[in-house]
Amino acid sequence: MDSSTWFSIALITYGLSAFLYMGLLLFRAVNFGRAAIFVIGGGVCAHTVGLVIRTITAGHAPFSNLYESMVFFSWAMVIVYLFIEYRYKLNVIGAFVSPIAFLAIVYASMLPPDYKKITPLVPALQSYWLEIHVITCFLGYAAFTIAFAARLMYLIKEWVSKNPAGFYQNLPAEDLLDYISYRTIAIGVVFLTLGIITGAIWANYAWVSYWSWDPKETWALITWLIYAIYLHTRVTVGWRKKKAAWLAIAGFIAVIFTYLGVNFLLPGLHSYVY
């Protein structure tokens, strides 16, 4: 089987896990949670096999275009989520993460065929820095996605707190959601910092300049600053709850624009990555 077949298996299993996690959230069905972790675990295994096959077939890491990067983003998201679920024993957050992973790979699968072709790397991408830079950036993006999911759950719980019925009791405690968001943002900032640093080093080799104020570089810096402000205000001012939630969501919007919006709206030195 080629890589696209394995990615299709991952797509199906992520979609199924999203339904199972939603069932866990809405009905507190423990069996749904157990099935969900089994299904999403199988999905990420298939996803990993697909990435390995794609890498072997292409002869380089699968990060050279939008299709490959979106598939990798979905994979990184699930990997980080599984770590969080294992670390905090909090599987209900999968009801918010698995749909995002599912939609990311659905979007990738719906791209035009030209976007999915394996093509030789352009000269600027022919470097071992490609793997280091992209992996660190996407692990940061994945951590920010988990933080976004936790903050979204926090706001939903606060919104329905005046009428604590239905799935309100199934949502984790607000303090726990706040803490998970904080920890994952801290992890994300570390990886994004590494991504920006390695990108600057790589840029100096490729373009003889560490920083060119390219739109992608600029928005990566804006994203980093938003999350740095989040961490700073939490430590020094004690921002938590709603203020911190909205700041974290603003950061995630910046992540999406850095990743997708810049490519389509603000062409620059990174335009060869669709």
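The rules we used
Residues numbered from 1 in each chain as written. Predicted model: local features only at pLDDT ≥ 70, side-chain atom pairs only at ≥ 80, totals over all residues. Heavy atoms only, no water. Helix = DSSP H or I, 4+ residues; strand = E, 2+ residues; numbered from the N terminus. Buried < 20%, exposed > 50% of the residue type's maximum accessible area, 1.4 Å probe, protein only. Contact = heavy atoms within 4.5 Å. Axes fitted to C-alpha atoms, helices over the stretch in contact; angles between N-to-C directions. Parallel < 35°, antiparallel > 145°, perpendicular 65-115°, else oblique. Left-handed = near helix turned anticlockwise from the far one by under 90°. Nonpolar A, V, L, I, M, F, W, Y, C, P; charged D, E, K, R; others polar. Phe/Tyr/Trp six-rings, centres within 6.5 Å; stacked < 30°, edge-to-face > 60°. Expected span 1.5 Å × (residues − 1). Salt bridge = Lys/Arg side-chain N within 4 Å of Asp/Glu carboxyl O. Polar contact = N/O pair within 3.5 Å; in protein donor to acceptor, adjacent residues only side chain to side chain. Patch = residues over 30% accessible without salt bridge, like charges linked within 9 Å, V, L, I, M, F, W, Y side chains within 5 Å. Areas by Shrake-Rupley, 256 points an atom, 1.4 Å probe, with all protein chains shown as cover. Core = buried A, V, L, I, M, F, W, Y, C linked by side-chain atoms within 4.5 Å.

1. Describing the overall build of the chain
Now for step 1: The helix and strand tally for the chain stands at nine helices and zero strands.
Now for step 2: Mapped from its N terminus to its C terminus, the chain presents α and β elements in the order α-α-α-α-α-α-α-α-α.
Now for step 3: In terms of overall dimensions, the chain has a C-alpha envelope of 55 × 50 × 30 Å along the principal axes.
Now for step 4: Counting all 274 residues of the chain, 52% fall into the buried class.
Now for step 5: If you take every contact in the chain between residues at least 6 apart in sequence, the share linking residues at least 24 apart comes to 78%.

2. A few points about the packing of helix α1 (residues 3-27) against helix α2 (residues 30-58)
Now for step 1: Packing of α1 against α2 leaves a shortest axis separation of 8 Å and a crossing angle of 160 degrees. Considering the angle they form, α1 stands roughly antiparallel to α2. α1 and α2 meet at a crossing whose hand is left-handed.
Now for step 2: Looking at the contact of α1 with α2 residue by residue, the classes come out as 21 nonpolar, eight polar and one charged.

3. Description of the packing of aromatic side chains
How two aromatic rings sit relative to each other is given by the distance of their centres and the angle of their planes.
Now for step 1: Considering all chains together, one arrives at 15 aromatic pairs under this definition.
Now for step 2: For the pair Phe-63 and Phe-72, a centre-to-centre distance of 4.7 Å together with 70 degrees between the ring planes defines the contact as edge-to-face.
Now for step 3: Here Phe-63 falls in the buried class, since its relative accessible area comes to 7%.
Now for step 4: For Phe-72, a relative accessible area of 6% corresponds to the buried category.
Now for step 5: When the centroid spacing of 6.2 Å and the interplanar angle of 45 degrees are considered together, the rings of Tyr-141 and Tyr-259 count as tilted.

4. A few points about α2
Now for step 1: Between the first and last C-alpha of α2 there are 42 Å, a value that for 29 residues agrees with the 42 Å anticipated at 1.5 Å per step.
Now for step 2: Directly beyond the C-terminal end of α2, a positive phi value near 80 degrees is found at Gly-59.

5. Details of the pattern of salt bridges
Where charged atoms of side chains with opposite charge meet at close range, the side chains can pair.
Now for step 1: The final tally for this structure, using the stated rule, is four salt bridges.
Now for step 2: Measuring nitrogen to oxygen at the nearest pair gives 2.7 Å for the salt bridge that ties Arg-234 to Asp-178. Here Arg-234, found in helix α8 (residues 215-237), pairs with Asp-178, found in helix α7 (residues 174-207); they are 56 residues apart in sequence, far enough to count as distant. With respect to burial, Arg-234 and Asp-178 carry one shared label: buried.
Now for step 3: One salt-bridge network, held together by shared partners, links Arg-151, Asp-178 and Arg-234.

6. Remarks on the side chain of Ser-17
Now for step 1: Along the polypeptide, Ser-17 turns up in helix α1.
Now for step 2: The class for Ser-17 is buried, based on a relative accessible area of 0%.
Now for step 3: A polar contact of 2.8 Å, which involves the side chain of Ser-17, links it to the backbone oxygen of Tyr-14.
Now for step 4: Setting aside residues no more than four positions away along its own chain, Ser-17 makes contact with Ala-36, Val-39, Ile-40 and Ser-98.

7. Comments concerning a nonpolar patch on the surface
Now for step 1: On the surface, a nonpolar cluster with roughly 380 Å² of combined accessible area is contributed by Met-22, Leu-26, Phe-27 and Phe-32.
Now for step 2: If you tally residues by element for the nonpolar patch, the top one is α1, at three residues.
Now for step 3: Assignment of secondary structure puts Phe-32 in helix α2.
Now for step 4: Look at Phe-32 and you get partly exposed, because its relative accessible area is 33%.

8. Description of the nonpolar core
A general trend in soluble globular proteins is that nonpolar side chains are found buried together.
Now for step 1: Within the largest apolar cluster, 82 residues are counted, with the highest numbers of intra-cluster contacts made by Tyr-14, Met-70, Tyr-81, Ile-93, Ile-185 and Tyr-259.
Now for step 2: Within the residue set of this core, elements represented by two or more residues are α1, α2, α3 (66-88), α4 (94-109), α6 (129-160), α7, α8 and α9 (241-265).
Now for step 3: With 16 residues, α6 is the single largest residue contributor to this core.
Now for step 4: The contact partners of Ile-93, leaving out residues within four places of it in the chain, are Tyr-81, Ile-146, Ala-149, Ala-150 and Met-153.

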